[in-house]
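An overview of the molecular structure
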Amino acid sequence: MKKTLLFLLSTYGYITNSVVLAQSEQHFRASIAVGSNFSQMAGDGQAGYHKIGAALGVKGAYCFKPNFDVSAELMYNSRGSRSNPFTSKATYLDKYVQLNAELNYADVALAANFHFLPSQNHTFYRQSLQIGVSYGRLLSSNISVLRGIFRDDFIEGDLQKTLRKDDIGFIIGYSWFFTQRLGLAVKHVVSVRNAYDNPLNGLTNRDYLSFTPYNLNLQVVFNFTSPNLNIKSHTEKLKKAKEQRKRNPLEDL
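Bear in mind the structure is a predicted one, so any value in this text is a computation, not a measurement. (Residues numbered from 1 in each chain as written. Predicted model: local features only at pLDDT ≥ 70, side-chain atom pairs only at ≥ 80, totals over all residues. Heavy atoms only, no water.)

**Considerations on a nonpolar patch on the surface**
- A grouping of Leu 110, Phe 114, Phe 116, Leu 117, Leu 129, Ile 131, Val 133, Tyr 135, Ile 168, Phe 170, Ile 172 and Val 192 is seen on the molecular surface, where their side chains present a nonpolar patch of about 1100 Å² in accessible area.
- Residue placement: Phe 114 occurs in strand S4 (residues 97–118).
- Owing to a relative accessible area of 41%, Phe 114 belongs among the partly exposed residues under this scheme. (Patch = residues over 30% accessible without salt bridge, like charges linked within 9 Å, V, L, I, M, F, W, Y side chains within 5 Å. Areas by Shrake-Rupley, 256 points an atom, 1.4 Å probe, with all protein chains shown as cover. Salt bridge = Lys/Arg side-chain N within 4 Å of Asp/Glu carboxyl O. Helix = DSSP H or I, 4+ residues; strand = E, 2+ residues; numbered from the N terminus. Buried < 20%, exposed > 50% of the residue type's maximum accessible area, 1.4 Å probe, protein only.)

Have a look at this one:
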């Protein structure tokens, strides 16, 4: 509860600071994001992004050029793993293992964003590509493990005790904005290390290989402040520079 309160207070401070900066800096963009996570863990024996969780938070970006900015995000993300709810398995088989894990994180992400496809009035870019890194701090967790139809309390307890508190991931994303304010964003986040540290005292049971988290994040993004981009002028400068490079040097003689 204390961690959740601290996260909410941090989010409030982040938003307040973003608004102040946005009012005094024409190159700053501030946004809120609400969406869902579709996640899984490699090694849990359950292929597919079946775990659905909430995603919400705030973003800020500094525009170095009309078509390039660097962004920072503070997000609450619910991730984890679960079995496919639309398929049935032979749960009476003792070898079948089902992992249900709900892992709630406070995530901070830093990313570079490359924008393209200007709008008709050249006031904003409709599309962008994102590449970056993220750091997550585990706020809470809930893990259940079934072997066949029986709860595996030993495995549950061992996984719960050895979960890593910190998560580091690599981000690649794509955004499409309908207006200067409103858009959709999708990101794929791959953790660079396992979700837990040395489980089962070093045992190598194939059912419990170290879980590597994967997360597909879908967001609705609203820019409550946005810089005035001179996209048309920037595009014309790029076009002239390109034409200048193509010119035959002999033409200047």
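**Quick look at the nonpolar core**
- Leu 99, Leu 103, Ile 143, Leu 159, Leu 163 and Phe 211 are the most contacted members of the largest nonpolar core, which totals 13 residues.
- Elements with a minimum of two residues in this core: S4 and strand S5 (125–147).
- Looking at this core, the element that brings in the most residues is S4, giving four residues.
- If you look at the next biggest cluster of nonpolar residues, it comprises seven residues, including Ala 55, Met 75, Phe 177 and Ala 185. (Core = buried A, V, L, I, M, F, W, Y, C linked by side-chain atoms within 4.5 Å.)

**Description of the environment of Tyr 135**
- Here Tyr 135 shows up in strand S5.
- Take Tyr 135: its relative accessible area is 36%, and that puts it in the partly exposed class.
- The contacts of Tyr 135, once residues within four sequence positions are left out, are Ala 106, Asp 107, Val 108, Asp 166, Asp 167 and Ile 168.
- At a separation of 2.4 Å, a polar atom in the side chain of Tyr 135 contacts the side chain of Asp 166. (Contact = heavy atoms within 4.5 Å. Polar contact = N/O pair within 3.5 Å; in protein donor to acceptor, adjacent residues only side chain to side chain.)

**Describing the confidence of the model for the protein chain**
- Within the protein chain, residue pLDDT values average 78, and 66% of them lie at 70 or more.
- Overall, residues 90–94 carries pLDDT values under 50, and its contacts beyond four positions in sequence, including any with other chains, amount to eight contacts. (pLDDT = per-residue confidence, 0-100.)

**Concerning the pairing of strand S1 (residues 28–42)**
- Sheet analysis places S1 next to strand S2 (residues 51–65), joined by twelve bridges and oriented antiparallel. Directly across from Phe 28, in S2, lies its bridge partner Tyr 62.
- As paired strands, S1 and strand S9 (residues 212–225) are joined by 13 bridges and run antiparallel to one another. In the sheet register, Gln 40 faces S9, and the bridge partner there is Tyr 214. (Pairing = 2+ DSSP bridges.)

**Observations regarding the pattern of salt bridges**
- In total, this model carries six salt bridges according to the counting rule given.
- Between Asp 166 and Arg 137 there is a salt bridge, and its shortest N-O distance comes to 2.8 Å. Residue Asp 166 is located in strand S7 (residues 166–177), and its partner Arg 137 is located in strand S5; the two are separated by 29 residues in the primary sequence.
- Sharing partners across several salt bridges, the network here consists of Lys 59, Glu 73 and Lys 187.

**Thoughts on the pairing of strand S3 (residues 68–81)**
- In terms of residue burial, S3 counts as a mostly covered element, since ten of its 14 residues are buried.
- Across ten bridges, the pairing between S2 and S3 is antiparallel. Within the sheet, the bridge partner assigned to Val 58 lies in S3 and is Leu 74.
- In this structure, the hairpin formed by S2 and S3 is closed by a connection of two residues.

**Some remarks on the side chain of Ser 128**
- Looking at the element boundaries, Ser 128 is found in strand S5.
- Once you skip the residues sitting within four places of it in the chain, Ser 128 turns out to touch Phe 114, His 115, Phe 116, Gly 173, Tyr 174 and Ser 175.

**Description of the environment of Asp 69**
- Tracing the backbone shows Asp 69 in strand S3.
- Owing to a relative accessible area of 2%, Asp 69 belongs among the buried residues under this scheme.
- In this structure, the C-alpha to C-alpha distance between Asp 69 and Gln 130, residues 61 residues apart in sequence, is 9.8 Å.
- The contacts of Asp 69, once residues within four sequence positions are left out, are Arg 29, Ala 61, Tyr 62, Cys 63, Phe 64, Ala 111, Ala 112, Asn 113 and His 115.
- In terms of polar contacts, Asp 69 uses its side chain to reach the side chain of Arg 29, at 3.0 Å.
- A polar contact is formed between the side chain of Asp 69 and the side chain of Asn 113, at a distance of 2.8 Å.

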